[in-house]
Amino acid sequence: MAESPQRLVVVGASGGIGQALTRALLDEFPTAEICATHHRSAIPFQHERVAWRQLDVVDPGAIETWAADFDRVDWIVNCAGFLHGASGGPEKNIRSLDAEFLLENIRINTLPTLLLARHFSAALKKSPAPVLATISARVGSIEDNRLGGWYSYRISKAALNMALKTLSIEWRHSHPRGCVAALHPGTNDTALSKPFQANVPPGGLFDPSYTATSFVSLLSQLDPSQSGQFWAWDGSQLPW
Ligand SMILES: NC(=O)c1ccc[n+]([C@@H]2O[C@H](COP(=O)([O-])OP(=O)(O)OC[C@H]3O[C@@H](n4cnc5c(N)ncnc54)[C@H](OP(=O)(O)O)[C@@H]3O)[C@@H](O)[C@H]2O)c1
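Procedures and definitions
Residues numbered from 1 in each chain as written. Predicted model: local features only at pLDDT ≥ 70, side-chain atom pairs only at ≥ 80, totals over all residues. Heavy atoms only, no water. Near = heavy atom within 4 Å. Polar contact = N/O pair within 3.5 Å; in protein donor to acceptor, adjacent residues only side chain to side chain. Areas by Shrake-Rupley, 256 points an atom, 1.4 Å probe, with all protein chains shown as cover. Helix = DSSP H or I, 4+ residues; strand = E, 2+ residues; numbered from the N terminus. Nonpolar A, V, L, I, M, F, W, Y, C, P; charged D, E, K, R; others polar. Pairing = 2+ DSSP bridges. Axes fitted to C-alpha atoms, helices over the stretch in contact; angles between N-to-C directions. Contact = heavy atoms within 4.5 Å. Parallel < 35°, antiparallel > 145°, perpendicular 65-115°, else oblique. Left-handed = near helix turned anticlockwise from the far one by under 90°.

The next thing to look at is the site of the ligand. Taken together, 29 residues are adjacent to the ligand, and Ser-14, His-39, Ser-41, Tyr-153 and Thr-190 come closest. Take Ile-17: an N or O atom from its main chain is 2.9 Å from an oxygen atom of the ligand. Residue Asn-188 places a main-chain N or O atom 2.8 Å away from an oxygen atom belonging to the ligand. The fraction of the free accessible surface of the ligand (900 Å²) that becomes covered by protein chains is 89%. Those elements that provide at least two residues to the shell around the ligand are helix H1 (16-28), helix H5 (151-174) and strand E7 (187-188). Of the residues assigned to the shell around the ligand, the class counts are twelve nonpolar, 14 polar and three charged.

Rendered as structure tokens:
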């Protein structure tokens, strides 16, 4: 049987899904050590196997410096993300497009995964079964885009998906035991979705602990032949 992951990194572990994922990983892998990051939020909980680090994912130098602390890493799961904030929220139409808001979406939702891949590449290579997964969103699927709107968020997640797919192709050669995954969590009851929950159908709003457990199970079962796919929480595959 494959060795379970022992050294895990969760980026954005102060968020609704990230925090639930960190707890689910602690439960599933009882000897694993987790390095978890927060940014503006306080550290949400303390645990003897979790080392917290404050990290701004839009700071490339901070990611590079932090990565240098690691020798081997088995899994990195990036749960940091942005949909709305002081600078604005998702656009209903093209008239609402704001250049700075679009770039903020890309800075938080797209670029950090590439920087994590770049700077943690050597540490992941030392793992017998490295995983790099980032929470994307179904609205980043070009094929699945039926409703329009939400330009900046959709664009940043579509670009993230392309980044992950491209990385998976490169890592077939450089990290042949590895798996790269884009994840869709469904609609979860978190601060990020709060303003947009009104039209969610009954039963369609998940507790993040449900999604987190589903992701841990999904990621545990992936093998390198499945690298470079876009997965929903329930294990179904989404179109790019
Ligand atoms: N909730 C949903 O329904 C839903 C649906 C589809 C996709 N997603 C995706 O799932 C992921 C997690 O979302 P969530 O619902 O858990 O949101 P959330 O509760 O708002 O958490 C967002 C996380 O991102 C972190 N973050 C934001 N900007 C950052 C920065 N500059 N540097 C470092 N960390 C930063 C936050 O850190 P601090 O709080 O410490 O600042 C927090 O940990 C996101 O990528 C989101 O797009 C969510």
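Read across the sheet, seven strands follow the order E3-E2-E1-E4-E5-E6-E9 without closing on themselves; strand pairing throughout is parallel. Edge positions in the sheet fall to strand E3 (50-54) and strand E9 (229-232), since each of these pairs with one other strand and no more. Taken pair by pair, the neighbouring strands of this sheet meet at an average axis angle of 20 degrees, ignoring direction. Of the strands in this sheet, strand E1 (7-11), strand E4 (75-78) and strand E5 (131-135) touch helix H4 (residues 111-125), which is tilted by about 170 degrees from E4.

It is at 8 Å that the axes of H1 and helix H6 (residues 208-221) come closest, and there the two elements cross at 50 degrees. By the angle between their directions, the pair H1 and H6 is classed as oblique. Relative to H6, the crossing made by H1 is right-handed. Contacts between H1 and H6 involve Gly-16, Ile-17, Ala-20, Leu-21, Ala-24, Leu-25 and Glu-28 from the former and Pro-208, Ser-209, Ala-212, Thr-213, Phe-215 and Val-216 from the latter.

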